[in-house]
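Given next are the chains, with one letter for each unit.
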Amino acid sequence: MSIKPQIGLEIHAQLLTNTKAFCGCSSESFETPPNTHICEVCTGQPGALPTLNGVIVAFAVKAALALNCQINERSVFDRKNYFYPDLSKGFQITQYFHPIAENGSLLIHTDGRKKRVRIRRVHIEEDAGKLIHHSTTLPGGTYVDYNRCGIALLEVVTEPDLDTSQEAHAFMETLRNTFRTLGICSGDMEKGALRCDANISVRDTERGTSTARIEIKNVNSFKFVQKALEYEFERLKTALISGEKTVSETRGWDQVSRSTVSLRNKEDDNDYRYFPEPDLPDIVLERTWIERIRSELPELPVDKQDRLMEQYGLTFSESKTYLDEPELETFFVEAVEQGLPVKSVNNWLLGEIQKMLKERGVTIDQTALTVSRLAEIIEWVSTGKTTNHIVKTLMPDLLDKGVALSQILSERGISQINDRAYVTEISSRVVRRNPEQAEAYLFGKTGLLKYFIGLVMKETKGQCDPYLVQEILKELLEGKNDDG
Ligand code: ZN
Ligand code: MN
């Protein structure tokens, strides 16, 4: 198809520093009582002077190196002037003309292939405060909370290299994982630690026509960014095909109507009357210091995923799960290093165990399960002492109680599970008690096998291997045929 979207992203990451960018106030802003972490600097009182928190520079350089950027040895802070009630200073300190880093790239995985997305720039800036329109505790009206004012942000701007909403999603995930690995951002979107604006235009590559560029702002989850982009692509595509004129504007995602809504026409960059911040010196970096930070960078997610796939023969999606869930990965690596077979470990960790962890909202290190207990599970199942089915039913205990499988089984008297004679005895009893169904089965109603399996499982309280039950029942039911 010749009609394609062009997508670029602007991501604001809240840096994990203890204090704000230019003052000593705590950078804790999520669910803190309003206006408790503020001072004359971050609220812009007359005469108050900012001082740069050096940790931010080190964090920005780490990010820039991980994003393969060119780092500018000299970068400059600028004032972005605008009025808004949540910005009491009347300007935001940012880096406009000379950002700390430019011209980078980030490798992402989509549809099993790799793609390099160019990064236009990375710069440091401060956050604004927050308006509270619907307070649950205060009388009606709009309130302003300046706790977030002055918190250090890193803004990452990509080139419009993303061709699909899935690629945009993959980019955001990879960036978040990278920043988490670097320890510079929590990546917690619900808490506003990572915010994404996306811009999209749609072009007809054959006819050489294109729509206006739309910015989608303030979307607070990766999923919604992806949905908003999908919606916008369809909307712009329709406009392009019908020849309808589109205007450059900022739109927001409305989860209720599942559509984007126009917020405002896009203001020009010039409106902000940027000029160099007179109260802060330029940031001047030494090459040797940058190189030291480079040498201390941890293994980055993209590299790690490649290594996991290669080292343990994992599939793309298996390695991705371990990448997204570091506690699970630690457990996996420990288990495999202790000699447990990769396949069995994966079956348990990425199957029943992960399902239960999700249900409980915990990570594996918060449960009582250990590698040696998993080793026992794998051994007992593989030697037929118990079954997958039984272990699954016991999983809540295995996760919560920290006791061994063998102990739970003996406490509950679950032992004869895979005993052929025992299963045969119960199964023949069940068949004897249901002669009509047994006959119907013989006359071709083979679906009744399930009915018999259900009865046996009920008799044995689900403690038998259903495959063994099925096998024995088939023999019994069809064996009758031979006799008769
Ligand atoms: Zn302050
Ligand atoms: Mn910004």
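Since we're looking at a predicted model, the values are computed, not measured. (Residues numbered from 1 in each chain as written. Chains lettered and ligands numbered in written order. Predicted model: local features only at pLDDT ≥ 70, side-chain atom pairs only at ≥ 80, totals over all residues. Heavy atoms only, no water.)

## Comments concerning the overall build of the protein chain
- Looking only at helices and strands, the protein chain features 15 helices and 17 strands.
- What you see for the protein chain is a C-alpha radius of gyration of 30 Å, clearly larger than the 23 Å of a compact globule of 484 residues, by over 25%.
- When the backbone C-alpha atoms are referred to their principal axes, the protein chain occupies close to 100 × 55 × 55 Å.
- Out of the 484 residues in the protein chain, the part that is buried amounts to 49%.
- Entry remark: accessible area of the protein chain is about 24,100 Å², with carbon and sulfur atoms responsible for 49%.
- In the protein chain, the 59 positive side-chain charges and the 71 negative ones have mean positions that sit 3 Å from each other. (Helix = DSSP H or I, 4+ residues; strand = E, 2+ residues; numbered from the N terminus. Rg over C-alpha atoms; globule rule 2.2 N^0.38 Å. Buried < 20%, exposed > 50% of the residue type's maximum accessible area, 1.4 Å probe, protein only. Areas by Shrake-Rupley, 256 points an atom, 1.4 Å probe, with all protein chains shown as cover. Lys, Arg positive; Asp, Glu negative; His and termini not counted. Charge placed at Lys NZ, Arg CZ, Asp CG, Glu CD.)

## Here's the deal with the coordination of the zinc ion (ligand 1)
- Within the protein, the zinc ion (ligand 1) binds to Cys-23 (SG), Cys-25 (SG), Cys-39 (SG) and Cys-42 (SG); these donor distances fall in the range 2.3 to 2.4 Å.
- When the donor residues of the zinc ion (ligand 1) are listed from N- to C-terminus, their spacing reads C-x1-C-x13-C-x2-C. Note that Cys-23 is positioned in the loop between strand 1 (3-14) and helix 1 (54-66) and Cys-39 in the loop between strand 1 and helix 1, a separation of 16 residues in sequence. As far as burial versus exposure is concerned, Cys-23 and Cys-39 are alike and both buried. (Donors = N, O, S within 2.8 Å, 3.2 Å for Na, K, Ca; no water.)

## Some words on helix 6 (residues 316-324)
- Those residues of helix 6 lying buried are Ser-319, Thr-321, Tyr-322 and Leu-323.
- Packing partners of the buried residues in helix 6 comprise helix 2 (165-182), helix 5 (301-312), helix 7 (326-337) and helix 8 (342-360). (Contact = heavy atoms within 4.5 Å.)

## A short note on the coordination of the manganese ion (ligand 2)
- The protein atoms donating to the manganese ion (ligand 2) are His-12 (NE2), Glu-125 (OE) and Glu-155 (OE), with metal-donor distances spanning 2.0 to 2.2 Å.
- The sequence pattern describing where the donors of the manganese ion (ligand 2) fall on their chain is H-x112-E-x29-E. Pair noted here: His-12 is in strand 1 and Glu-125 is in strand 7 (residues 113-126), with a separation of 113 residues, a long-range link. The pair His-12 / Glu-125 is uniform in exposure class, with both members buried.

## Describing the side chain of Lys-304
- Tracing the backbone through its elements, the reader meets Lys-304 in helix 5.
- One polar contact links Lys-304 to Glu-329, side chain to side chain, over a distance of 2.8 Å. (Polar contact = N/O pair within 3.5 Å; in protein donor to acceptor, adjacent residues only side chain to side chain.)

## Some details on the packing of aromatic side chains
- Under the defined criterion, the tally for this structure stands at 10 aromatic pairs.
- Relative to Phe-77, the ring of Phe-22 has its centre 5.5 Å away and its plane inclined at 90 degrees; by these criteria the two rings are edge-to-face. A residue pair is termed long-range when its members are at least 10 positions apart, and Phe-22 in the loop between strand 1 and helix 1 and Phe-77 in the loop between strand 3 (74-75) and strand 4 (78-81) qualify at 55 residues. Summarising the burial analysis for this pair, Phe-22 and Phe-77 share the class buried.
- Summarising the aromatic geometry, the rings of Tyr-231 and Trp-253 are spaced 6.4 Å apart at their centres and angled 70 degrees between planes, so their arrangement reads as edge-to-face. In this pair, Tyr-231 is assigned in helix 3 (residues 222-242) and Trp-253 in strand 14 (residues 249-254), connecting sequence segments 22 residues apart.
- Classification of Tyr-231 by relative accessible area gives partly exposed; the value is 32%. (Phe/Tyr/Trp six-rings, centres within 6.5 Å; stacked < 30°, edge-to-face > 60°.)

## Thoughts on the pattern of salt bridges
- The tally for this structure, following the rule as stated, stands at 35 salt bridges.
- Taking the shortest distance from any N to any O, the salt bridge between Glu-73 and Arg-287 comes out at 2.6 Å. Of the two residues, Glu-73 sits in the loop between strand 2 (70-71) and strand 3 while Arg-287 sits in helix 4 (residues 287-295), which places them 214 residues apart along the sequence.
- Its relative accessible area of 37% is what places Glu-73 among the partly exposed residues.
- Accessibility expressed as a relative area gives 36% for Arg-287, which makes it partly exposed.
- Residues Asp-161 and Arg-118 are paired through a salt bridge, measuring 2.7 Å at the closest nitrogen-oxygen approach. You can see Asp-161 sitting in the loop between strand 10 (152-158) and helix 2 and its partner Arg-118 sitting in strand 7, a full 43 residues away along the chain.
- Salt bridges sharing partners connect three or more residues here, namely Glu-73, Arg-287, Glu-291 and Arg-294. (Salt bridge = Lys/Arg side-chain N within 4 Å of Asp/Glu carboxyl O.)

## Here's the deal with the nonpolar core
- Membership of the largest hydrophobic core comes to 70 residues, with the highest contact counts inside it found for Leu-9, Leu-67, Ile-100, Val-122, Phe-171 and Phe-179.
- Here this core gets 10 residues from one element, more than from any other, and that element is helix 1.
- Among the nonpolar cores identified, the runner-up in size contains 34 residues, and Val-336, Leu-374, Ile-377 and Leu-399 belong to it. (Core = buried A, V, L, I, M, F, W, Y, C linked by side-chain atoms within 4.5 Å.)

## Topic: the domain arrangement of the protein chain
- As far as domains go, the protein chain holds domain 1 (3-291), domain 2 (325-412) and domain 3 (420-483).
- Between the C-alpha centres of domain 2 and domain 3 the distance comes to 31 Å. (Domains from an automatic or database assignment.)

## Details of the packing of helix 12 (residues 420-433) against helix 14 (residues 448-459)
- At their nearest, the axes of helix 12 and helix 14 sit 10 Å apart, and the two run at 125 degrees to each other. The angle between helix 12 and helix 14 falls in the class oblique. Of the two possible hands of crossing, helix 12 and helix 14 adopt the one that is right-handed. In contact with Ile-426, Ser-427, Arg-429, Val-430, Val-431 and Arg-433 of helix 12, helix 14 contributes Phe-452, Leu-455, Val-456 and Glu-459.
- Its residues assigned to classes, the contact of helix 12 with helix 14 comprises 6 nonpolar, 1 polar and 3 charged. (Axes fitted to C-alpha atoms, helices over the stretch in contact; angles between N-to-C directions. Parallel < 35°, antiparallel > 145°, perpendicular 65-115°, else oblique. Left-handed = near helix turned anticlockwise from the far one by under 90°. Nonpolar A, V, L, I, M, F, W, Y, C, P; charged D, E, K, R; others polar.)

## Focus on unusual backbone geometry
- Residue Asn-68 is not a glycine yet carries a positive backbone phi of 55 degrees.
- Note on placement: Asn-68 falls in the loop between helix 1 and strand 2.
- With phi around 50 degrees, Arg-258 is a residue other than glycine that occupies positive phi space.
- Overall, Arg-258 belongs to the partly exposed group, its relative accessible area being 45%.

## Considering the sheet that holds strand 5 (residues 91-94)
- Across the sheet, 3 strands lie side by side as 5-4-16; this open sheet has antiparallel pairing. Two strands in the sheet have a free side with no partner beyond their single neighbour: strand 5 and strand 16 (275-276).
- Where strand 4 and strand 16 come together, 2 bridges link them in antiparallel fashion. Residue pairing in the sheet places Arg-79 in a bridge with Phe-275 of strand 16. (Pairing = 2+ DSSP bridges.)

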